[in-house]
Amino acid sequence: MTIKNTLQGMFKFVVNAVLLLFSASCIFPILWMVNSALKTSNEFMQNSMSLTTHPYFQNFIDAVQSSGFLECFLNSAILGFINVVLTVICALVAGFFISRYNFRFKKAVYLLFVSGMVIPMLSLLIPVFLQFKALGMLDHRWTLILPYLAFSLPFAVMLTENYIRTIPVELDEAAYMEGCSTFKLLTKIIFPMCSPITAIIVITSFMNAWNEFPFSLVLINDKSLRTISIAIRMFNSEHAINYPLYMAALLVSILPILIIYLIFSKQIMKGMTVGAVKG
Amino acid sequence: MRKDRQTQGAYDRICPAGGLASKGRPKYKNPLMPPGRRIFGYLSIPVGVYLFIVVVPTLFAFGYSFFEWSGGPGKKFIGLDNYIQLLHDKTFWLSFKNTMLFTVLMVAGQVGIAFIFTLFFTMKWVKFVELHRRVMYFPSIIAAVVIGLMWQLIYNNDFGILNHFLRASGLDGWIKPWLDDPKIAMLSVAVPVIWQFIGYYLVLLMGAVATIPKDILEVAEIDGATGFKRSLYITIPLIWDILKICLMICFAGSFKAFDHIMVMTGGGPGRATSVLSLYNYDTSFVQMKMGYASAMAVVILVVSMTLTIGIQRLMEGKANDH
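Rules of the game
- Residues numbered from 1 in each chain as written.
- Chains lettered and ligands numbered in written order.
- Predicted model: local features only at pLDDT ≥ 70, side-chain atom pairs only at ≥ 80, totals over all residues.
- Helix = DSSP H or I, 4+ residues; strand = E, 2+ residues; numbered from the N terminus.
- Buried ≥ 20, exposed ≤ 12 C-beta atoms within 10 Å, placed from the backbone.
- Contact = placed C-beta atoms within 7 Å.
- Domains from an automatic or database assignment.
- Nonpolar A, V, L, I, M, F, W, Y, C, P; charged D, E, K, R; others polar.
- Core = buried A, V, L, I, M, F, W, Y, C linked by C-beta atoms within 7 Å.
- Expected span 1.5 Å × (residues − 1).
- Bend = angle between axes of the 7 residues up to and from the residue.
- UniProt positions renumbered as here; feature names shortened; annotations may be inferred.
- pLDDT = per-residue confidence, 0-100.

**Quick notes on the overall build of chain A**
Of the regular secondary structure elements, chain A holds 13 helices and zero strands. N-terminal to C-terminal, the α/β element order of chain A is α-α-α-α-α-α-α-α-α-α-α-α-α. Overall, chain A is about 75 × 70 × 35 Å in size when its C-alpha atoms are taken along their principal axes. Across the 279 residues of chain A, 46% fall into the buried class. The contacts of chain A with a sequence gap of at least 6 include a subset with a gap of at least 24, amounting to 80%.

**Remarks on the domain arrangement of chain B**
Residues and elements named next belong to chain B. For chain B, the assigned domains are domain 1 (2–79) and domain 2 (83–320). Every contact between the two is made by ten residues of domain 1 and, on the other side, nine residues of domain 2. At the level of elements, α2 (36–64) and β1 (67–69) are the ones that each hand at least two residues to the side of domain 1 that touches domain 2. With four residues, α2 is the largest single contributor of residues to the side of domain 1 that touches domain 2. Of the residues that constitute the side of domain 1 that touches domain 2, the class distribution is five nonpolar, four polar and one charged.

**Some details on unusual backbone geometry**
Despite not being glycine, Asp139 of chain A has its phi angle at roughly 60 degrees, a positive value. One can find Asp139 of chain A in the loop between α6 (125–134) and α7 (145–165). Its 14 C-beta neighbours within 10 Å are what place Asp139 of chain A among the partly exposed residues. For Met288 of chain B, which is not a glycine, the phi torsion comes out positive at approximately 55 degrees. Considering the arrangement of structural elements, one finds Met288 of chain B in the loop between α12 (276–285) and α13 (290–314).

**What to know about the interface of chain B and chain A**
Taken together, the contact pairs 84 residues of chain B with 76 residues of chain A. Tallied by class, residues from the side of chain B that touches chain A come to 59 nonpolar, 17 polar and eight charged.

**Here we look at the nonpolar core**
Residues Leu250 of chain A together with Val146, Tyr201, Leu202, Leu205 and Cys246 of chain B are the most contacted members of the largest nonpolar core, which totals 171 residues. Viewed by domain, this core spans two of them, domain 1 (2–79) and domain 2 (83–320) of chain B, each represented by three or more residues. Beyond its immediate chain neighbours, meaning those up to four positions away, Leu250 of chain A contacts Met33 and Ile232 of chain A together with Val146, Leu149 and Met150 of chain B.

**Section: α2 of chain B**
Over its 29 residues, α2 of chain B runs only 36 Å from end to end, short of the ideal 42 Å by more than 12%, given 1.5 Å per residue. For α2 of chain B, the principal kink sits at Ser44 of chain B and spans about 45 degrees; a proline, Pro46 of chain B, occurs within the next four residues.

**Topic: the UniProt feature "transmembrane region" (unreviewed entry) in chain A**
Residue and element names in this part refer to chain A. Residues given the UniProt feature "transmembrane region" (unreviewed entry) here are residues 12–34, 77–98, 110–130, 142–164, 185–207 and 243–264. Secondary structure over residues 12–34 splits into 100% helix and 0% strand, and the C-alpha atoms at its two ends are 33 Å apart. The span residues 185–207 carries 96% helix and 0% strand; its end-to-end C-alpha distance comes to 29 Å.

**Some thoughts on the confidence of the model for chain B**
Residue and element names in this part refer to chain B. When the pLDDT values of chain B are averaged, the result is 82; 88% of them are 70 or greater. Confidence drops under a pLDDT of 50 for residues 1–26, and excluding neighbours within four residues, the segment shows 21 contacts in the predicted structure. Overall fold confidence for the complex sits at a pTM of 0.85, while the interface term, ipTM, reaches 0.89.

Next comes the structure, spelled out in structure tokens:
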């Protein structure tokens, strides 16, 4: 009996240790990058693991000021913002009509959006490129807006559709009785009621746009239109190899996501669970 | 007119306007429904965008796949030659094999480990559950490009964390050129992707566990089902549906492994880590064979859709249920 107990105790200890180790591995690389980014290149090359003694913030300043970096950062921020606005509007409209009315092709429209959850969007990379090329849509400031919107829509539409179902139809009826138009009903009544779901959509669609890589790689060639993902990928080849500077750039590029996560981690996790469970 | 609306309103309350749910019942018309023209007007934008990015490009690619074309003005119709060439393309088949291997690694690694962790997190003797959950989820929200670049640094021969730890624990013999050895490169690129998304599936599965009513667990415990017995007979059956959804998401997602591999190895060394999406990119942007790349894109789309739908059917099509 005692042997069994010690064995059990050991097992519990090992499991806890493994979980702690894995958790540590999830943040350690980031901490390592922060520490390294605060060193000079020489310091880093001498010992890549030592703690920084005199934090050298110049790397962050240099990274932000390096050619084109800030521009790409802003490009991504603007794209993310536009994507958020358009996704919220489109998802609201599509979710509302699909959940409320039985119009023709309703099922087709719904399936169209749901299918987006299982189509590997990456297999559309070359086709979208060829189409944009044929239509002369490459390398514009608005080039990436449509693809990003299309990729954010399936999840957003499903989420809103499910949510609007839970809003009583009586509300619509009352609104119509009072002489509300469809547009007013949508903007003044349904939209404010969707705010919990809207928060989730805002966060996810911003992160989608910010983190996206392959389509901005393929559809954008103009240096001044590049997104942040492309900028950090090119960073090392465009600047003399200076690892602390490079890590500072990487850290700056994830800063918005980091801030969003620290503030909204609960909503993000909840939204994801709801999305998958309902899907 | 108004009276008619009211009776219809009552009907709506009995059969809520969720139209898909009322399949099979006599067709009714929500009296509040705006005329079709207006619905069409509203929906044309989201549906239009979606068709324009997802459906139309596929048609474009299908059309181009019958031509020999390097992206310039000259196009030559060659019928099915591109598809025939694809069948004999060794690199294509290697990439196909790599993609399959990668998919298996992803499903087993991500969902498998997340599943085991979830079971551990239902045990009372596991500490810091909430902290673990938040921390482990963290990598999955970072851009895949950044994860790839970060792991490139971790794997670095001279100053990478990995080799540093190996050296510190006296395992110098284990030090390898992680991303440059064709034999292990595929595993080396798979590890970061697995590592990144364990937390994602963990949160999904733990969300499912949280929906299990507390009294069921308590009753089970009173009846003597503790530890692994409880996992086997209570927890696993009750989160089975979510587990299937996780497998679906993971399966569809592992075709997307482009970002990580692109930045870590670019498909190399040689073609050791070439996956389908990467090879497709290579044929169009490096070799400039647009017609051939189109044919390949069509094949990839068809294959991945077939596999995804097939697996979904195998698991009783949960993801499309409503």
